[in-house]
Structure formats: C-alpha cells, structure tokens
Amino acid sequence: MTICQTGSGVGTQEALPPSAQPGLRVRRSWWGGLLRALVTGLVLVAGLALPLVAPQPAQAVPPGTYAYVANFNDDRVSVIDTATNTVVATVPVGDAPWGVAVSPNGTRAYVTNRSGGTVSVIDTATDTVVATVPVGLEPLGVAVSPNGTSTYVTNFGADTVSVIDANTNTVVATFPVGGAPLGVTVSPNGTRAYVTNSDDDTVSVINTLTNTVVATVTVGGFPFGVAVSPDSTRAYVTNSDDDTVSVINTLTNTVVATVTVGAAPQGVVVLRDGASVYVVNANSNTVSVIDRVSNTVVDTIPVGTAPREVAVTPDGAGAYVTNANDDTVSVIDTASRTVGPTVPVNDLPFGVAIGVVPRPAPALTLVKLTAGGRFAQGGQGTYTLTVTNTGNLPTDGSPVTLTDALPAGLSPVGFSGTGWACTLTPLSCTRSDVLAPGAAYPPLTLTVRIAPDAPKQVTNTATVTGGGATGTATATTTVDRRHQPKPPHHDRPDHGKPGHGKPDHLKPGHGMPAYDLPYLGHRPGPR
C-alpha cells in the first residue's frame with residue numbers, strides 16, 4: 001500500500017498512521033510535510049463522492065446560528081444551519097482556507113487563506129466575501145477580540161501576527177512572535193491574546209492594548225491549538241507531539257498542570273459553562289473531555305477520521321468537530337457527550353467557527369457635536385444631535401425618542417429640530433415618521449446655559465430609542481473659566497516688594513514732592 005501525495009516537491013512514500021483504515025490513502029497538499037503533526041493521518045475514502053452545494057447568490061440569510069467550515073482543498077467555506085444541521089450555502093474564498101473566526105455580533109466571518117496570504121471577510125447576512133485583506137506569509141490561526149474591533153492572524157511562514165482593524169479591513173499592526181505560530185485566541189476579558197509557536201514549543205502572551213509580547217510560556221512539543229476559560233484565568237494548549245494539554249495560569253503565565261489526552265491533539269475549546277474542555281485528537285479519531293476542576297480526562301467521544309478543530313454553539317448544547325479525512329462534521333450533544341448528526345461538507349475541512357446571524361433591523365446611530373467649540377463659564381453653548389439609521393431595515397413607525405441627560409453645570413435653554421416635538425422638562429424630543437436605511441432625521445439643536453462655577457470638562461450623554469432600535473452618543477466639552485481682570489499695580493497694597501505701600505520709603509522722589517529733593521549737582525570727575 002502506498003500513500004498518494006500531490007503538490008510540488010512531494011512524492012515520497014510513507015507508512016500509514018496506526019489510525020488509518022485498510023484501503024485508505026493519505027492526501028497531502030503542496031506544503032507536504034512542513035507541518036509535522038498537522039497532516040498526520042489525513043485519509044480519503046477512494047471513490048467516495050459527496051454532494052456539493054453550489055455557491056449561492058447574495059441574498060438575505062435568515063437569522064439563526066450557523067457553523068462556518070473552511071474546506072482546505074476546494075477553497076470554499078461550508079455554511080451549516082445548526083437548527084437543521086444541513087449545509088445551506090458554500091462561499092468561495094481564497095487559496096487553501098485554513099482557520100475561521102466569527103465576530104461577536106455575528107455579522108462577519110474571517111477566513112485565513114494559507115496559500116494566498118490573505119484573509120477573506122464574509123458578510124454573514126449575504127454569505128458573500130466583502131473584503132480580502134493581505135496579511136503575512138502562510139496565515140493559519142485567526143481570532144476576533146471580544147469587542148469585535150480587532151482580528152488577530154498568525155502568519156506561520158513569517159513568525160508574526162497581523163492585526164486587522166475590523167472597521168476598515170486593513171492591517172494596522174504586525175509584530176513578531178515565536179517560530180511558526182499556529183493557533184491564536186483572545187481572552188474573554190479582551191486584555192490578552194495567546195499564540196502557539198509550534199517550532200519553539202512556546203506560547204506568546206500579547207497585550208492587546210499595545211500589541212506587544214509581554215510573556216513567553218514554555219509548553220509541550222509542537223503546540224497547536226489554544227483556548228481560554230470564560231473567566232480568563234486559564235489557557236489550555238494542545239501539544240500535538242506530546243499528546244498532552246498544558247494548563248496555563250494566566251495571572252502568573254506559568255504551566256500549572258499537564259493533562260494526557262489522545263494522540264496528536266489539535267483543536268481545543270472550553271465549554272460556555274466553563275466546566276469542561278473539549279480536545280480534538282487527530283490520530284485517535286476522538287474528542288477528550290477534560291474536567292476543569294480536577295484537570296483529568298473524564299470522557300472520550302469517538303468522532304470521524306482525522307478530526308481537526310472544534311467549535312461550540314452559543315448555548316453550549318452542541319460541539320461541531322471537523323473530520324478532515326471524512327469530509328464531514330460531527331455534531332456532539334454536550335449534555336450526553338454523544339455524536340448526533342454527521343454533516344457532509346466539502347473537501348478536507350479544517351477550521352470551524354460558530355456565530356449567530358442577527359435578525360435584520362434598523363440601527364439608530366446618534367452623533368452629538370459641540371457647535372462652536374469650547375464653552376465658557378457664565379455663557380451659553382450649543383450641541384447638534386443627528387440621528388441616522390445605519391441598519392438594513394427602515395424603522396418600524398413607532399415613536400423615536402431622544403433624551404438628553406445634562407451634567408452638573410449645564411441647564412437647558414432651548415431644544416428644537418424640524419419635525420421634532422421637544423420639551424425641556426424632561427429634556428427630550430420625539431417623532432414617529434419612518435426612517436429609511438442610510439437616511440438621517442433633521443438635526444436637533446440643544447442650547448445650554450453654562451454655570452459660572454461649571455467644571456473644567458463636562459460630558460453630555462444622549463440616548464435615542466424606539467423605531468425598533470437604540471443608540472447612544474456622548475460629547476465631552478472643555479469649559480473655559482471666566483476671565484478675572486487683574487487689579488491695577490498700585491491697587492494692590494503691600495504686594496510683596498520691599499517698601500511698597502509705605503510712603504517716603506527712602507527711594508528718591510517716592511512719596512515726596514519734587515521740590516523736597518535737594519539738587520546734588522554733578523559729581524566732579526578727575527581733571
């Protein structure tokens with residue numbers, strides 16, 4: 001029996017791994033054996049034809065929970081509706097897609113394209129690629145910050161991490177980490193990112209505020225995946241060469257436990273309740289369940305052939321495991337720890353992530369500006385407030401109300417805008433006409449009186465509600481102190497200079513009429 005390898009520079013024969021079944025052969029892509037443990041045990045059932053789902057045109061995706069699966073060999077992402085466990089769309093992406101991450105709000109999925117050196121950004125509302133972001137060499141791991149503003153990408157071939165601004169879809173930072181970085185995750189509290197360095201057997205700890213490495217933790221052989229507990233106190237690292245999981249105390253950045261699992265552990269996730277850790281064992285075709293309290297394996301779940309990654313639904317009820325050699329996804333019921341449906345996907349599924357696509361709705365954005373710049377104590381100032389619908393549906397015709405909470409030092413003088421019905425007590429304005437997507441209501445003008453003793457800075461907060469959406473805006477304004485004129489020089493008696501305020505203090509002419517001064521004449525000089 002031989003192993004069939006494809007790709008430039010690859011063509012040697014190897015022994016099949018112990019987990020391989022008779023009549024199976026291994027698939028390898030162009031990168032061959034570069035990643036030691038990544039490709040161990042990847043097999044293909046000869047002649048098996050799986051149904052393919054044609055790419056879907058851009059259309060509104062029903063709200064719900066979806067799993068996004070990166071299929072490495074056919075450059076597509078399979079979209080699984082977790083309610084029915086069926087593939088409802090396939091999305092063409094870049095070359096050799098590897099990892100997937102979904103934004104916290106469910107509106108974007110990020111896919112690393114290993115051969116293309118890019119990240120595909122998928123709009124989950126239409127299941128279409130809306131941006132392609134160039135990153136470093138051979139991007140693999142990807143993770144989104146909890147606030148959704150930053151996406152972290154490991155560049156395996158460059159020993160770096162790229163940071164993508166989620167608003168602009170541009171790389172705003174690139175910094176070095178360890179050798180051959182693979183997995184990445186961001187802690188739930190958003191302060192740290194953790195990167196596994198497969199060549200160095202370390203984990204880089206990144207301060208997400210400064211995007212700098214603040215610690216390096218030595219773990220086991222060939223660290224692959226990494227996950228952080230919901231309370232951000234523990235990080236779990238799969239060591240593919242050692243068949244172990246390293247448990248890191250994130251406060252001290254030290255390994256506090258090492259747990260033996262199955263063969264070639266790769267993907268890892270902490271369940272939503274924080275009680276268990278699921279570890280995917282690529283060479284054992286199993287998932288190990290670790291109890292977080294005892295740091296011991298309490299169950300082992302059989303899945304498909306050469307499982308790679310795992311993701312959990314938001315409610316924690318289901319775990320989705322990609323089976324690279326079966327071209328399937330196993331769905332685990334986390335309550336019973338048994339496999340339910342097995343979902344056929346596309347060719348060589350690797351990464352998987354799950355997100356909730358939100359229901360289309362209006363989104364009211366409130367912009368609040370200080371007209372005329374700085375305020376002055378004892379004077380008046382003006383705010384301009386504009387409400388815009390940045391959502392994908394019009395408002396529903398229910399009343400839209402804007403309320404303003406003035407801080408101490410400010411009192412309302414006037415509040416008005418075309419089409420708005422406004423009152424000063426309470427300080428609010430209302431209207432009910434429908435606002436289309438992308439449109440804005442006529443701006444509001446709020447005039448305030450600044451108290452003579454107003455603080456140096458005031459922050460004014462306004463909120464808009466109704467119409468099926470909400471929005472908040474703040475404006476921080478500097479208040480200039482009233483100018484107090486200085487008294488004339490001689491109106492300040494005894495102002496600290498010797499003799500000031502004392503008449504006739506011995507300086508010639510000071511306090512004495514001119515005729516009292518004797519004429520001293522010119523002192524004769526030498527002749």
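Just so you know, these numbers come straight off a predicted model, no measurement behind them.

**Side note on the pairing of strand β5 (residues 86-92)**
Next, step 1: Note that strand β4 (residues 76-81) and β5 share six bridges and pair antiparallel. The partner of V79 across the bridge, within β5, is A89.
Next, step 2: Following β4, the chain reverses through four residues before pairing antiparallel with β5; N85 in that reversal takes a positive phi of roughly 55°.

**Section: the nonpolar core**
Next, step 1: Counting residues in each nonpolar core, the largest one holds 25 residues, and the members touching the most others are Y383, L385, V387, L402 and F415.
Next, step 2: Those residues within four positions of L385 in sequence are excluded, and the remaining contacts are L366, V367, K368, L402, D404, F415, P443, L444, L446 and A462.
Next, step 3: Counting 16 residues, the second largest nonpolar core, distinct from the first, contains Y66, A89, V91 and V93.

**Considerations on the confidence of the model for the protein chain**
Next, step 1: When pLDDT is averaged along the protein chain, the result is 84; 78% of the residues meet or exceed 70.
Next, step 2: Here residues 1-57 scores under 50 on pLDDT; set against residues more than four positions off or in separate chains, the count is 116 contacts.
Next, step 3: With pLDDT under 50 throughout, residues 495-527 is counted as low confidence; its partners more than four residues away or in other chains account for 15 contacts.

**With respect to the pattern of salt bridges**
Next, step 1: Summed over the entire model, instances satisfying the criterion amount to four salt bridges.
Next, step 2: Linking D299 and R337 is a salt bridge whose minimum nitrogen-to-oxygen distance equals 3.9 Å. In this pair, D299 is assigned in strand β25 (residues 296-302) and R337 in the loop between β28 (328-333) and β29 (338-344), connecting sequence segments 38 residues apart.

**Description of the sheet that holds strand β19 (residues 234-239)**
Next, step 1: Taken together, the four strands give an open sheet; going across it, the order is β18-β19-β20-β21, and neighbouring strands pair in antiparallel fashion. Two strands close off the open sheet at either side, each with one partner strand: β18 (223-228) and β21 (254-260). Averaged over all neighbouring strand pairs, the angle between strand axes comes to 25°, with direction disregarded.
Next, step 2: Sheet analysis places β18 next to β19, joined by four bridges and oriented antiparallel. From the neighbouring strand, V228 faces β19, where its bridge partner is A235.

**Comments concerning the packing of aromatic side chains**
Next, step 1: Counted by the stated rule, this structure contains five aromatic pairs.
Next, step 2: Ring plane angle 80° and centroid distance 5.8 Å describe the contact between F72 and W98, whose orientation is recorded as edge-to-face. Taken together, the residues F72 in the loop between β3 (64-71) and β4 and W98 in strand β6 (residues 97-102) connect sequence positions 26 residues apart.
Next, step 3: According to the relative accessible area criterion, F72 is buried, its value standing at 3%.
Next, step 4: On the accessibility criterion, W98 (5% relative accessible area) is buried.

**Some details on the environment of D242**
Next, step 1: By the element assignment, D242 lies in the loop between β19 and β20 (244-249).
Next, step 2: Under the relative-accessibility criterion, D242 is labelled partly exposed at 40%.
Next, step 3: In this structure, the C-alpha to C-alpha distance between D242 and T260, residues 18 residues apart in sequence, is 8.3 Å.

**Brief notes about the side chain of T334**
Next, step 1: Relative to the helices and strands, T334 resides in the loop between β28 and β29.
Next, step 2: Residue classification places T334 among the buried positions, given a relative accessible area of 13%.
Next, step 3: Once residues within four sequence positions are removed from consideration, T334 is found in contact with L271, Y278, G316, A317, G318 and A319.

**What about the state of the cysteines?**
Next, step 1: According to the stated counting rule, one finds one disulfide in the structure shown.
Next, step 2: The partner cysteine of C422 in its disulfide is C429, sulfur to sulfur 2.0 Å. Taking the torsion about the S-S bond as the criterion, the C422 to C429 disulfide, at about 115°, is right-handed.
Next, step 3: Judged by relative accessible area, which is 0%, C429 ranks as buried.

**Thoughts on the environment of D81**
Next, step 1: Within the fold, D81 resides in strand β4.
Next, step 2: Note on D81: relative accessible area 16%, which makes it buried.
Next, step 3: For the pair D81 and Y66, spaced 15 residues apart in sequence, the C-alpha separation works out to 4.8 Å.
Next, step 4: With near-sequence residues (within four places) excluded, D81 lies in contact with T65, Y66, T86 and V88.
Next, step 5: Reaching out from D81, the side chain makes a polar contact with the backbone nitrogen of A83 at a distance of 2.9 Å.

**Focus: unusual backbone geometry**
Next, step 1: Looking along the chain, the bond that leaves T425 and enters P426 is cis, with omega of -5°.
Next, step 2: At E138, a position not held by glycine, the phi torsion is positive, near 55°.
Next, step 3: Inspection of the secondary structure assignment puts E138 in the loop between β9 (128-134) and β10 (139-144).

**Considerations on the pairing of strand β23 (residues 276-281)**
Next, step 1: In terms of burial, β23 is largely enclosed, as six of its six residues are buried.
Next, step 2: Of the two faces of β23, the one carrying S276, Y278 and V280 and the one carrying V277, V279 and N281 are both buried.
Next, step 3: As defined by bridge partners, strand β22 (residues 265-270) adjoins β23 across four bridges and the pair is classed as antiparallel. Across the sheet, V269 pairs through a bridge with Y278, a residue of β23.
Next, step 4: Between the end of β22 and the start of β23, which pair antiparallel, lie five residues, with G274 showing a positive phi angle near 75°.
Next, step 5: Hairpin connection between β23 and strand β24 (residues 286-291): a loop of four residues separates the two successive antiparallel strands, and N285 in this loop has a positive phi of roughly 55°.

**Some thoughts on the sheet that holds β10**
Next, step 1: Spatially, the four strands line up as an open sheet ordered β10-β11-β12-β13, and their pairing is antiparallel. Strand pairing shows two members of the sheet lacking a second neighbour, β10 and β13 (170-176), which therefore form its edges. Direction aside, neighbouring strands of the sheet carry axes that sit 25° apart on average.
Next, step 2: Here strand β11 (residues 150-155) runs beside strand β12 (residues 160-165); their pairing, made up of six bridges, is antiparallel. Looking across to β12, one finds that T154 is bridged to V161.

Cut-offs and rules
Residues numbered from 1 in each chain as written. Predicted model: local features only at pLDDT ≥ 70, side-chain atom pairs only at ≥ 80, totals over all residues. Heavy atoms only, no water. Pairing = 2+ DSSP bridges. Helix = DSSP H or I, 4+ residues; strand = E, 2+ residues; numbered from the N terminus. Core = buried A, V, L, I, M, F, W, Y, C linked by side-chain atoms within 4.5 Å. Buried < 20%, exposed > 50% of the residue type's maximum accessible area, 1.4 Å probe, protein only. Contact = heavy atoms within 4.5 Å. pLDDT = per-residue confidence, 0-100. Salt bridge = Lys/Arg side-chain N within 4 Å of Asp/Glu carboxyl O. Axes fitted to C-alpha atoms, helices over the stretch in contact; angles between N-to-C directions. Phe/Tyr/Trp six-rings, centres within 6.5 Å; stacked < 30°, edge-to-face > 60°. Disulfide = S-S within 2.5 Å. Polar contact = N/O pair within 3.5 Å; in protein donor to acceptor, adjacent residues only side chain to side chain.

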